[in-house]
Every structure is written in structure tokens, then in C-alpha cells.
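Architecture and fold: a report
Listed below are the residues making up each chain.
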Amino acid sequence: DPHWTYRLPTRREWEYACRGGPGVSRAAAGFDFYAGDPTLRLFPERANYKGCFGRPVPVASYRPNVLGLYDMHGNACELGEDHLGDGKFWRPLLGGWWDDEPEKCQANWYGTIPADTPFR
């Protein structure tokens, strides 16, 4: 639709969607991973991380979260809209990569990349 505005999610918006949005109870919001049921540990049957396959896998290879969103943990990280940094702009990388440790795939973790990095 030409009347819509499209943009990347902010870190907070992405984390909110990763955790399951408005229907998540206060108790369930305290976990680190949301592929299927909320949990404090990421299991190989729930996400592609730590080099499980040595490459990204097709989207929807694992269970979605409660909003029906796939691959929020591992596989391929997502670029966020926020601009972070001291003098130089940085963008957040969210969700972790296929070769990251589980800690970097948590709902509240993010890495950074210079905002002017070209993508192909």
C-alpha cells in the first residue's frame, strides 16, 4: 500500500514481538527465549545457533513464538531502527546469528553495527 510507512523495528519493539506481545503474562515475560514455549535455555530443536548446521536454514524450520513469528532466536539476526552511539551512529543487531552462542540469541541481547554499513 503506497500510504503505509515501512521501517525496521526499534530494539524495544523487536523484543516485545519476540516475547509474544500483549498476550504474554508477567511471569512468562521474564524468560530469555520464546521459540515455542518460553524458556531460560535455548535448545537445538528450537533454533539454529552455535553452528548447528554451519549455515542459515530456511525460515520456519523451527516452531514460532505465540505471535506466529519465526526465527526470532538465531539463524539470521535482524537489523533494528535505533541509532545508538557516541558521535557515530550504530544500529542494533537483534536475535543472534546461526553461529552465535545462545547468550547472543536472547530476547533482550543486541549487538551493534555502524549505521552506514552497506548491505548487499
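Shown above is the structure to which this text applies.
What you see is a predicted model; the values in this text were computed from it and never measured.

**A short note on helix α1 (residues 11–19)**
Residues Trp14, Ala17, Cys18 and Arg19 constitute the buried set of α1. Those residues of α1 that are buried are in contact with β1 (78–79) and β2 (90–94). Gly20, located one to two residues past α1, shows a positive phi value of around 115°.

**Some points on the packing of aromatic side chains**
A complete count under the given rule lists one aromatic pair for this structure. Against the face of Tyr110 rests Arg11, its NZ or CZ located 4.4 Å from the ring centre.

**Topic: the environment of Trp97**
Mapped onto the elements of the fold, Trp97 is located in the loop between β2 and β3 (110–114). Judged by its relative accessible area of 39%, Trp97 is partly exposed. Sequence spacing of Trp97 and Arg7 is 90 residues, and the spatial spacing of their C-alpha atoms is 21 Å.

Definitions and cut-offs
Residues numbered from 1 in each chain as written. Predicted model: local features only at pLDDT ≥ 70, side-chain atom pairs only at ≥ 80, totals over all residues. Heavy atoms only, no water. Buried < 20%, exposed > 50% of the residue type's maximum accessible area, 1.4 Å probe, protein only. Helix = DSSP H or I, 4+ residues; strand = E, 2+ residues; numbered from the N terminus. Contact = heavy atoms within 4.5 Å. Phe/Tyr/Trp six-rings, centres within 6.5 Å; stacked < 30°, edge-to-face > 60°. Lys NZ or Arg CZ within 6 Å of the ring centre and 35° of its normal.

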